[in-house]
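As a plain string of letters, each chain reads:
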Amino acid sequence: MDHRVLLLHVLNFLDAIFTLIAIKAGVPEANPFMAFVLSMSPELFLFVKFSVLTFGIEFLRRNLVKSYDVVMSALLVVFLTVVAWHVYWLFIGGPINGT
């Protein structure tokens, strides 16, 4: 199994949890499509978020044989950046810090 896939799912899960915490603290969802989905229900938000990543990875695996490694590495950088931003906001500039 490609460990990057597992790591992407863990990072996606963390992004989802941190996003829900931020939403509860009054921060708007930055992605307009996901904001729309979230306005319907948090459960649907989670389902769509996890499904899009799962199907997206499978699509990449099947269709981008030559550039799969590069794209997976880029996705890891993007997800790591998003989760790092969430952690920064949550612990330094957000609700736990009192701001």
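Scroll up to find the structure this text is about.
Rules and cut-offs
- Numbering of residues starts from 1 in every chain and runs along the sequence as written.
- Totals for whole chains, interfaces and linings use all residues, but because this is a predicted model, local features are given only for residues with pLDDT of at least 70 and pairs of side-chain atoms are given and counted only at 80 or more.
- With hydrogens and water excluded, all non-hydrogen atoms of the structure serve as input to the side-chain values.
- Just to be clear on terms, a salt bridge is a Lys or Arg side-chain nitrogen sitting within 4 Å of an Asp or Glu carboxyl oxygen.
- Working definition: helices are DSSP H or I runs of at least four residues, strands are E runs of at least two. Numbering for both runs from the N terminus.
- Only protein chains enter the accessibility calculation, which uses a 1.4 Å probe; a residue is then buried when its area is under 20% of its type maximum, exposed when over 50%, and partly exposed in between.
- Interaxial angle, 0 to 180 degrees, is taken between N-to-C directions of lines fitted to C-alpha atoms, where a helix line uses only the stretch in contact.
- Any angle between 65 and 115 degrees counts as roughly perpendicular, while under 35 counts as roughly parallel, over 145 as roughly antiparallel, and the rest as oblique.
- Crossing handedness is read from the near helix: turned anticlockwise from the far helix by less than a right angle, it gives a left-handed crossing, and turned clockwise, a right-handed one.
- Charged means Asp, Glu, Lys or Arg here, nonpolar means Ala, Val, Leu, Ile, Met, Phe, Trp, Tyr, Cys or Pro, and polar covers whatever is left, Gly included.
- Whether two residues are in contact is decided by their heavy atoms: any pair within 4.5 Å suffices.
- For the purposes of these results, a polar contact is taken to be a pair of N or O atoms within 3.5 Å, where, inside protein, one atom must be able to donate a hydrogen and its partner to accept one; residues adjacent in sequence count only when each atom of the pair is a side-chain atom.
- To estimate how far a helix should reach, multiply one less than its number of residues by 1.5 Å.
- Candidate patch residues must exceed 30% relative accessible area and have no salt bridge, after which like charges are joined if within 9 Å and Val, Leu, Ile, Met, Phe, Trp or Tyr side chains if within 5 Å.
- Per-residue and other accessible areas follow the Shrake-Rupley method at a 1.4 Å probe size, with only the shown protein chains counted as cover for residues.

### Focus on the pattern of salt bridges
Piece 1. Tallying each qualifying case throughout the model produces five salt bridges.
Piece 2. Among the salt bridges present, the one from Asp15 reaches Lys49, with a minimum N-O distance of 2.7 Å. Placement of the pair is Asp15 in helix 1 (residues 3–24) and Lys49 in helix 3 (residues 42–63), with a sequence separation of 34 residues. The same class applies to Asp15 as to Lys49, namely buried.

### A short note on the packing of helix 1 against helix 4 (residues 68–93)
Piece 1. Put simply, helix 1 and helix 4 touch, their axes get as near as 9 Å, and they point 30 degrees apart. It follows that helix 1 is roughly parallel to helix 4 by the angle criterion. Crossing hand, helix 1 versus helix 4: left-handed.
Piece 2. Taken together, the residues of the contact of helix 1 with helix 4 break down into 19 nonpolar, four polar and three charged.

### Quick word on the side chain of Asn12
Piece 1. With respect to the helices, strands and loops of the structure, Asn12 is situated in helix 1.
Piece 2. Those residues in contact with Asn12, other than ones at most four positions away along the chain, are Lys49, Phe50, Leu53 and Phe79.

### Some points on the environment of Ser39
Piece 1. Along the polypeptide, Ser39 turns up in helix 2 (residues 32–40).
Piece 2. As a C-alpha pair, Ser39 and Glu29 span ten residues in sequence and 9.9 Å in three-dimensional space.
Piece 3. A polar atom in the side chain of Ser39 sits 2.5 Å from the backbone oxygen of Phe36.

### Description of helix 1
Piece 1. The first and last C-alpha atoms of helix 1 sit 32 Å apart over 22 residues, in line with the 32 Å expected at 1.5 Å per residue.
Piece 2. Along helix 1, the residues classified as buried are Val5, Leu8, Leu11, Asn12, Asp15, Ala16, Phe18, Thr19 and Ala22.
Piece 3. Contact partners of the buried residues in helix 1: helix 3 and helix 4.
Piece 4. Phi turns positive, to about 100 degrees, at Gly26, one or two residues after helix 1.

### Considerations on a nonpolar patch on the surface
Piece 1. Nonpolar side chains collect at one region of the surface, where Leu6, Leu7, Val10, Phe13, Leu14, Ile17 and Ile21 lie side by side and expose about 530 Å² of accessible area between them.
Piece 2. Inspection of the secondary structure assignment puts Ile21 in helix 1.

On their own, these measurements won't tell you what the molecule is for.
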